[in-house]
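# Analysis of the macromolecular model
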Amino acid sequence: MAGAGEDSRALFGAGVRAALEAWPALQIAVENGFGGVHSQEKAEWLGGAVEEYFFRNADLELGEVEDFLGELMTNEFDTVVEDGSLPQVSQQLQTMFHHFQRGDGAALKEMASHITQRKYRVRATAVATARETDEDDVDSMEEMEVTDTNDGAATDGVCPQPASSGPDSQTIKEEDIVEDGWTIVRRKK
């Protein structure tokens, strides 16, 4: 019977890792190095830490799981998750742990598989959308009026770019408004 328990534990660990790998907030933090030079290693460690957290605390409430994940993201990746995904990931993890506790390996496999498939489907859609957006941007390049600030004096210039013809073409004006080092770009009305 110990073999079945070890199998369920391994399936739970695989499910935890699948859920974390599919979590966009964590993946963005890792890809952008928010956890420092060892972001990838921290993400791998995170799977084991979450798994251990569940084993040490058998009767966790959803809020406790959310708090734990939120603290890990803040402490390890300097990231505050505000996209609404924290409760979803916490619920997935808690559901997987309940399957583990019942010894339902088939449900654990199914959940991990479903999460992995959804992750690849979302990434494929994002790549396709990005390609379509890039193609649309190339087709709709317009003439832009640029305002630049040099030593406090504003100079206007025009950047020639392929103009789109027709009544829908618009000119975009870059305002010389600088707030905290940021230049604000608005459409010309």
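Along every chain, residues carry numbers that run from 1 in the direction the sequence is written. Under the rules for a predicted model, residues below a pLDDT of 70 receive no local features and side-chain atom pairs below 80 are neither given nor counted, while totals for whole chains, interfaces and linings still include all residues. In computing side-chain values, all of the structure's heavy atoms are included and hydrogens and water are not.

The name recorded for the protein in an unreviewed UniProt entry is Pre-rRNA-processing protein TSR2 homolog, from Canis lupus dingo. The record in UniProt for the protein states the following under Sequence similarities (unreviewed entry): "Belongs to the TSR2 family." UniProt positions are given in the numbering used here, feature names are shortened, and annotations may be inferred rather than shown by experiment.

## Looking at helix 5 (residues 85–102)
Elements are defined by DSSP. Helices are runs of H or I of four residues or more, strands are runs of E of two residues or more, and each kind is numbered from the N terminus. A helix is expected to span 1.5 Å for every residue after the first. Look at helix 5: 26 Å from first C-alpha to last across 18 residues, which is about the 26 Å you get at 1.5 Å a residue. Per-residue accessibility, obtained with a 1.4 Å probe over protein chains only, is compared with the maximum for each type, and a residue is labelled buried under 20%, exposed over 50%, and partly exposed between these values. Along helix 5, the positions that sit buried rather than exposed are S85, L86, V89, S90, Q92, L93, Q94, M96, F97, H99 and F100.

## Regarding the packing of aromatic side chains
Two aromatic rings, taken as a pair, are described by how far apart their centres are and by the angle between their planes. Pairing of aromatic side chains requires ring centres within 6.5 Å, counting the rings of Phe and Tyr and the six-membered ring of Trp. Pairs whose planes differ by under 30 degrees are stacked, by over 60 edge-to-face, and all others tilted. Inspection of every chain in the model, using the stated rule, returns 10 aromatic pairs. Aromatic pair Y53 and F54: ring centres 6.2 Å apart, planes at 75°, arrangement edge-to-face. Its relative accessible area of 18% is what places Y53 among the buried residues. Their ring planes at 5° and their centres at 3.8 Å tell us that Y53 and F68 sit as a pair that is stacked. Taken together, the positions of Y53 in helix 3 (residues 39–56) and F68 in helix 4 (residues 62–77) put the pair 15 residues apart, joining distant regions of the chain. This pair shows no difference in class: Y53 is buried, exactly as F68 is.

## A few points about unusual backbone geometry
One non-glycine residue, D78, lies in positive phi territory at about 45°. Within the element layout of this structure, D78 appears in the loop between helix 4 and helix 5.

## Overview of the pattern of salt bridges
Opposite charge on two side chains makes pairing possible when the charged atoms of those side chains draw close. Every case where a carboxyl oxygen of Asp or Glu lies within 4 Å of a side-chain nitrogen of Lys or Arg is listed as a salt bridge. Tallied over the entire structure, the rule returns 4 salt bridges. Residues E52 and R9 are paired through a salt bridge, measuring 3.8 Å at the closest nitrogen-oxygen approach. With a gap of 43 residues between them, E52 in helix 3 and R9 in helix 1 (residues 2–21) connect regions that are remote in the sequence. Across the pair E76 and K42 runs a salt bridge whose closest N-O atoms are separated by 3.8 Å. Here E76, found in helix 4, pairs with K42, found in helix 3; they are 34 residues apart in sequence, far enough to count as distant. E76 sits in the partly exposed class, given a relative accessible area of 25%. Relative accessible area serves as the criterion here: at 23%, K42 is assigned to the partly exposed category.

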